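Single-letter residue listing:
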Amino acid sequence: MSDLIARMFRTRYTLRGTANIMYRLGWSVQVPTHRAVERDEAAIITWRRETWPAGKR
């Protein structure tokens, strides 16, 4: 979104600044209301416990 603002108005904002502007204009983060049918909760839990921490190092 900040790239779009920069192209249209020739003004640069940080991501935080862009978020603040959007919030003041009444925009919010869009979050899906439904989860995918194919979602495998067990696989996600395993990935969060094992794979994700290894990638943070």
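One numbering rule holds for all chains: residues counted from 1, following each sequence as written. A pLDDT threshold of at least 70 governs which residues receive local features in this predicted model, and a stricter bar of 80 or more applies before side-chain atom pairs are shown or counted, although totals over entire chains, interfaces and linings include all residues. To get the side-chain values, take all heavy atoms of the structure and skip hydrogens and water.

1. With respect to the overall build of the chain
The line we're drawing: Secondary structure elements follow DSSP: runs of H or I of four or more residues count as helices, runs of E of two or more count as strands, with numbering from the N terminus. The globule rule used for comparison is 2.2 Å times the number of residues to the exponent 0.38, while the radius of gyration itself is calculated over C-alpha atoms. Only protein chains enter the area calculation, which uses a 1.4 Å probe; residues under 20% of their type maximum are buried, those over 50% are exposed, and those in between are partly exposed. Method for areas: the Shrake-Rupley scheme with a 1.4 Å probe, in which residue coverage is limited to the protein chains shown. Asp and Glu are treated as the negative residues and Lys and Arg as the positive ones, with His and the ends of the chain left uncounted. By convention, the charge on Lys lies at NZ, on Arg at CZ, on Asp at CG and on Glu at CD.
Per the secondary structure count, the chain includes three helices and zero strands. Each helix (α) and strand (β) of the chain, taken in turn from the N terminus, gives the series α-α-α. Against the 2.2 N^0.38 benchmark of 10 Å for 57 residues, the chain shows a C-alpha radius of gyration of 18 Å, more extended than a compact globule. For the chain, the spread of C-alpha atoms along the three principal axes comes to 45 × 30 × 20 Å. Every one of the 57 residues in the chain was classed for burial, and the buried ones make up 9%. Entry remark: accessible area of the chain is about 5900 Å², with carbon and sulfur atoms responsible for 57%. Taken together, the 11 basic and 5 acidic charged side chains of the chain have centroids lying 14 Å from each other.

2. Considering the packing of aromatic side chains
Cut-off, in case you're wondering: Aromatic pairs are defined between Phe, Tyr and Trp rings, using the six-membered ring for Trp, whenever the two ring centres lie within 6.5 Å; interplanar angles under 30 degrees are classed as stacked, those over 60 as edge-to-face, and all others as tilted.
Here the structure, examined in full by the defined rule, presents one aromatic pair. Ring centres 6.1 Å apart and planes at 10 degrees place the aromatic pair W47 and W52 in the stacked group. Overall, W47 belongs to the partly exposed group, its relative accessible area being 43%.

3. What to know about the side chain of T18
The test is simple: The contact criterion used throughout is that any non-hydrogen atoms of two residues lie within 4.5 Å.
With respect to the element layout, T18 can be found in helix α2 (residues 15-24). Judged by relative accessible area, T18 falls into the buried class, the value being 4%. Excluding anything up to four places from it in sequence, T18 contacts M1, S2, I5 and Y13.

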